[in-house]
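# Summary of structural features
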Amino acid sequence: MPQRKLPFRPRSLRARKEQARLITDRLEELYPNSKPSLDFRNPFELLVATVLSAQTLDARVNTVTPELFRMYPDAYAMAQGERAEIERILHPIGFYRAKAKSVQSLSASLVEKFGGVVPATMEELITLRGVGRKTANVVLGQAFGIPGITVDTHVGRSARRWGWTRETDPVKAEMDIAKILPPEIWTLTCLRIIDHGRAICHSRGPECSRCPLASLCPSYEILTATGEAK
């Protein structure tokens, strides 16, 4: 089988930064009102909701968290809650037994390590049970205003198509993206990329023919030539 052609990527870091600036400027024009899709009122709620969103649509998570946080408003209450009751609340989102165990373990870890308070550093967040860099970056960026690059499926896919990275590992991709985007736009740019991925730049059948970024996208010709794009 012939090796899949990779999108063109400028060789110099300076050129990659300029190409990325053009893309992020266009994203800002297209999605000026991008915002988090998970509902939350404080860092604890965002942390738990982000854990619950694994393999689940954010909109579905938002249907169960109001009752969950009404009954278990903080890490102490969640850690001491009845597992069966938490499972009942989470039942509509799928994997509810595993997720009930996860949020209770996470809450217990918060109580043990930080007195129930969600820490505001990457180094501390990733010491919590079930929290990796992706979840930590969501919390840092959206709850604390600390720049973070959230490499979910949309961000990783778009970054590879634009030649920002060739890595499929989220942590390695995050490191590549961090080299070409200024920290002050990390959080909001990721939200805009997620919006663009949901609207146009799909995993299968990206709608390149109507994409306002087509002229800037190194993968446009590849996707259209191979018939993958609409």
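Details of the structure are given in the entry above.
Below is a short write-up of the structure. Along each chain, numbering runs from 1 in the same order as the chain's sequence is written. Two thresholds apply to this predicted model, a pLDDT of at least 70 for residue-level local features and 80 or more for giving and counting side-chain atom pairs, whereas whole-chain, interface and lining totals are computed over all residues. To get the side-chain values, take all heavy atoms of the structure and skip hydrogens and water.

## Points about the overall build of the protein
Stated precisely, the cut-off is as follows: Segments assigned H or I by DSSP are reported as helices when at least four residues long, segments assigned E as strands when at least two residues long, and all are numbered from the N terminus. Radius of gyration here is computed from C-alpha atoms only, and the compact-globule reference equals 2.2 Å multiplied by the residue count raised to the power 0.38.
The helix and strand tally for the protein stands at 12 helices and 0 strands. The linear arrangement of helices and strands in the protein, starting from the amino end, is α-α-α-α-α-α-α-α-α-α-α-α. At 19 Å, the protein has a C-alpha radius of gyration in line with the 17 Å of a compact globule built from 230 residues. The principal-axis extent of the C-alpha atoms belonging to the protein is close to 55 × 40 × 30 Å.

## Remarks on helix 3 (residues 58-71)
The periodicity of an α-helix, 3.6 residues per turn, causes residues three or four positions apart to be oriented the same way. Keep this limit in mind: A helix is expected to reach a length of 1.5 Å times the quantity of its residues less one. Here the bend at each residue means the angle between axes fitted to two seven-residue stretches, the one ending at that residue and the one beginning there. Burial classes: relative accessible area under 20% of the type maximum marks a residue as buried, over 50% as exposed, and values in between as partly exposed (1.4 Å probe, protein chains only). We call two residues in contact when some of their heavy atoms are within 4.5 Å.
Over its 14 residues, helix 3 runs 20 Å from end to end, which matches the ideal 20 Å to within 8%, given 1.5 Å per residue. Taking the largest bend as the criterion, helix 3 deviates by roughly 40°, centred on valine 64, and proline proline 66 comes between one and four positions later. Three or more residues of helix 3 are buried, namely Asp58, Val61, Asn62, Val64, Thr65, Leu68 and Phe69. Residues of helix 3 that are buried make contact with helix 2 (43-52), helix 4 (75-80), helix 5 (83-90) and helix 11 (186-199).

## Brief notes about the environment of tyrosine 76
By secondary structure assignment, the location of tyrosine 76 is in helix 4. Its relative accessible area of 39% is what places tyrosine 76 among the partly exposed residues. Along the chain, tyrosine 76 and glycine 116 lie 40 residues apart, while their C-alpha atoms are 6.4 Å from each other. Setting aside its immediate chain neighbours within four residues, tyrosine 76 contacts Val111, Gly115 and Gly116.

## Comments concerning the side chain of threonine 135
Note that threonine 135 resides in helix 8 (residues 133-143). For threonine 135, a relative accessible area of 12% puts it in the buried group. Leave out the neighbours within four places in its chain, and threonine 135 touches Leu47, Thr50 and Val51.

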